[in-house]
Amino acid sequence: MIVTTTPSVEGYQIAEYKGIVVGEAIMGANVVRDVFASITDIVGGRSGAYESKLQDARETALAELEDRARAKGANAVVGVDLDYEVVGQSMLMVSASGTAVVIG
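The numbering scheme is per chain: residues are counted from 1 as the chain's sequence reads. Only residues with pLDDT of at least 70 get local features here, since the model is predicted, and only at 80 or more are side-chain atom pairs given and counted; chain-wide, interface and lining totals rely on the full set of residues. Only hydrogens and water are set aside; all other atoms, that is, all heavy atoms of the structure, feed into the side-chain values.

Colleague: When you look at a nonpolar patch on the surface in this model, what are you seeing that I'm missing?
Modeller: Residues Ile26, Val87 and Met91 make up a contiguous nonpolar surface patch of about 220 Å² in total accessible area. When you line up the elements, Ile26 lands in strand 2 (residues 14–28). The class for Ile26 is partly exposed, based on a relative accessible area of 46%. Patch definition: residues with relative accessible area over 30% and no salt bridge; like charges joined within 9 Å; nonpolar side chains (Val, Leu, Ile, Met, Phe, Trp, Tyr) joined within 5 Å. The Shrake-Rupley method, run with a 1.4 Å probe sphere, supplies the accessible areas, and residue values consider only the shown protein chains as cover. Each salt bridge in this description consists of a side-chain nitrogen of Lys or Arg and a carboxyl oxygen of Asp or Glu lying within 4 Å of one another. The helix count covers DSSP runs of H or I at least four residues long, the strand count covers runs of E at least two residues long, and both are numbered beginning at the N terminus. Buried means the residue's accessible area, taken with a 1.4 Å probe over protein chains only, is under 20% of the maximum for its type, while exposed means over 50%, and partly exposed covers the values in between.

Shown next, in the form of structure tokens:
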């Protein structure tokens, strides 16, 4: 399945629009990760633990998006938008939305 942020897929025509599809993933962080992230925040640098959690959440959200598009009979999703939020004190949410289409 082709998943793209662009409104079309070069070399293909959109034959049918199947509707909007969304995939979400909410991942909990843990206390140890929060402590190490706080230290990283103080001394500077990147937080590998949080980056890994964000990557997992993004991959999960995109996989769910593809599954929902496939269930509608689509073979591509165009106009994909990724949104990142913090829920509560230590939950990370990633949502992916786009338009499920049939291309040919």
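There's plenty left to go through after this.
Colleague: Would you explain the sheet that holds strand 4 (residues 91–103) in this entry?
Modeller: The pairing of strands in a sheet comes from backbone hydrogen bonds and takes either a parallel or an antiparallel form. Here, strands pair whenever DSSP counts at least two bridges between them. With respect to topology, four strands assemble into an open sheet ordered 1-3-4-2, the strand pairing being mixed. The open sheet has two free edges, formed respectively by strand 1 (2–3) and strand 2, since each of these has just one partner strand. Bridge count between strand 3 (residues 76–87) and strand 4: ten bridges; the pairing is antiparallel. Bridging from a neighbouring strand, Val86 pairs with Leu92 of strand 4.

Colleague: What should I look at first to understand the pairing of strand 4 in this one?
Modeller: Successive side chains on a regular strand alternate, one facing one side of the sheet and the next facing the other. Note that strand 2 and strand 4 share 13 bridges and pair antiparallel. Bridged to Val21 within strand 4 is Gly98. Linking strand 3 to strand 4, which pair antiparallel, is a turn of three residues; within it Gly88 sits at a positive phi near 65°.

Colleague: Teacher, can you tell me more about the pattern of salt bridges here?
Modeller: When charged atoms on two side chains of opposite charge get close, those side chains can pair. Going through the model one piece at a time under the given rule, you end up with five salt bridges. Between Glu24 and Arg68 there is a salt bridge, and its shortest N-O distance comes to 3.5 Å. Residue Glu24 is located in strand 2, and its partner Arg68 is located in helix 2 (residues 48–71); the two are separated by 44 residues in the primary sequence. Ionic pairing is found between Glu66 and Arg70, a salt bridge with its closest N-O pair at 3.6 Å. Here Glu66 and its partner Arg70 are both found in helix 2, four residues apart, which amounts to about one turn of the helix. When salt bridges that share partners are traced, they join Glu24, Glu64 and Arg68 into one network.

Colleague: In this structure, what is going on with the nonpolar core? I would like to understand it.
Modeller: In globular proteins that are soluble, nonpolar side chains generally tend to be buried together. Note on terminology: a nonpolar core comprises buried Ala, Val, Leu, Ile, Met, Phe, Trp, Tyr and Cys residues joined through side-chain atoms within 4.5 Å. Residues Val21, Ala57, Ala61, Leu65, Ala69, Val77 and Ala100 are the most contacted members of the largest nonpolar core, which totals 13 residues. Those elements giving two or more residues to this core turn out to be strand 2, helix 2, strand 3 and strand 4. The contact definition used throughout considers only heavy atoms, calling two residues in contact when any of these lie within 4.5 Å. Once residues within four sequence positions are removed from consideration, Ala57 is found in contact with Ala25, Met27 and Val94. Ala76, Val78, Val101 and Ile103 belong to the second-largest nonpolar core, a separate cluster that totals five residues.

Colleague: Can you walk me through the environment of Met93 in this structure?
Modeller: Counting through the fold element by element, Met93 comes out in strand 4. The class of Met93 is partly exposed, set by a relative accessible area of 21%. Along the chain, Met93 and Glu24 lie 69 residues apart, while their C-alpha atoms are 7.1 Å from each other. Those residues within four positions of Met93 in sequence are excluded, and the remaining contacts are Ala25, Ile26, Asp83, Tyr84, Glu85 and Val87.

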